Amino acid sequence: MTISDPAGPDPAALPPEELAARLATPGAARAALVHAAAQAGEAEAQLVCGQMLLDGTETPGDPRAALDWFTRAAAQHHPMALNMVGRCYELGWGCAVDAGRAVACYRIAAGQGLAEAMYNYATQLALGHGVATDRAEALRWLERAGDLGYAKAVNFIGSFAEDGWAGPRDLAKAARCYARAAEGGDFRAAFNHARMLGAGGQVEGALKWLARAVAGGTPAFAARVIHWCAASDIPAFRRYAEALREGRAC
């Protein structure tokens, strides 16, 4: 861990609410406080410390050290930290890829009620990564996460319905899920919602959601959206792609 420790408040002396607020507020003073609280055994600080090291935020990036802090917090039964240990093993952040270990972490954190872990566990079940494919079980976990308001899970439920992964295809259900997840802020759902609107002739509404998908997504995702629009049968979508490529669209 390379975060420096200038003088600052003793984390143990801060009320829990104030400590949580300070840990959640980026700034020059946060790194030292996070490190001190993490070293003192505060699980939430260990999680934040790991995320900072993973992202290279307010400290040089160090995925191996990030995994160490996530693991320490997970040992204290912190569900998000356990989920992040799973992400590290799934994607090889600071360690060798171990899909089975990632699944085990997601399963435990999902059982503790964490929506993000439910989604990650469901994804592995749906795709058969580190575990036998079981799309019916995957859908059950997605529905649990969706009931907690997790937009990414609702979008994936829409994909299940559209593609018939765990039952008959249901395009009406897919459209409802995409709309709900898009309203919930998921950029992939914004694109899916736009697709469904465009297919139904609601082109103006679709263009608004395409713009949200491009604005909210990663550069790679935005590039895929532009490519899709450029190949669309809908002239307005092709014009939108052209405008984006020429820098004429916001």
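A brief report on the enclosed structure follows. Computed from a predicted model, the values in this text were never measured in an experiment.

**A short note on helix α14 (residues 235-245)**
Now for step 1: The set of residues buried in α14 consists of A236, F237, Y240, A241, A243 and L244. For α14, the arc enclosing every buried residue in end-on projection is 160°, short of the 170-degree limit, so these residues lie on one face. In α14, the exposed positions angled more than 90 degrees off the buried face are occupied by R239 and R245.
Now for step 2: Buried positions along α14 lie against α11 (187-199), α12 (203-216) and α13 (219-230).
Now for step 3: Trailing α14 by a residue or two, G247 shows a phi angle of about 75°, which is positive.

**Brief notes about the packing of aromatic side chains**
Now for step 1: In this structure the tally under the stated criterion is 10 aromatic pairs.
Now for step 2: Measuring from ring centre to ring centre gives 5.3 Å for F160 and W165, while their planes differ by 70°; the resulting arrangement is edge-to-face.
Now for step 3: Residue F160 is classed as buried on the basis of its relative accessible area of 3%.
Now for step 4: Given the relative accessible area of 27%, W165 is considered partly exposed.
Now for step 5: Seen in terms of ring centroids, F191 and F221 are 6.2 Å apart; in terms of plane orientation they differ by 90°. Their pairing is edge-to-face. Note that F191 is positioned in helix α11 and F221 in helix α13, a separation of 30 residues in sequence.
Now for step 6: Assessed through its relative accessible area of 12%, F191 is described here as buried.
Now for step 7: For F221, a relative accessible area of 8% corresponds to the buried category.
Now for step 8: Put simply, the rings of Y119, Y150, F156, F160 and W165 pair up and form one aromatic cluster.

Each value, and the rule that gives it
- Residues numbered from 1 in each chain as written.
- Predicted model: local features only at pLDDT ≥ 70, side-chain atom pairs only at ≥ 80, totals over all residues.
- Heavy atoms only, no water.
- Buried < 20%, exposed > 50% of the residue type's maximum accessible area, 1.4 Å probe, protein only.
- Helix = DSSP H or I, 4+ residues; strand = E, 2+ residues; numbered from the N terminus.
- Arc of directions from axis to C-beta.
- Contact = heavy atoms within 4.5 Å.
- Phe/Tyr/Trp six-rings, centres within 6.5 Å; stacked < 30°, edge-to-face > 60°.

Purely spatial values, then, with no claim about function.
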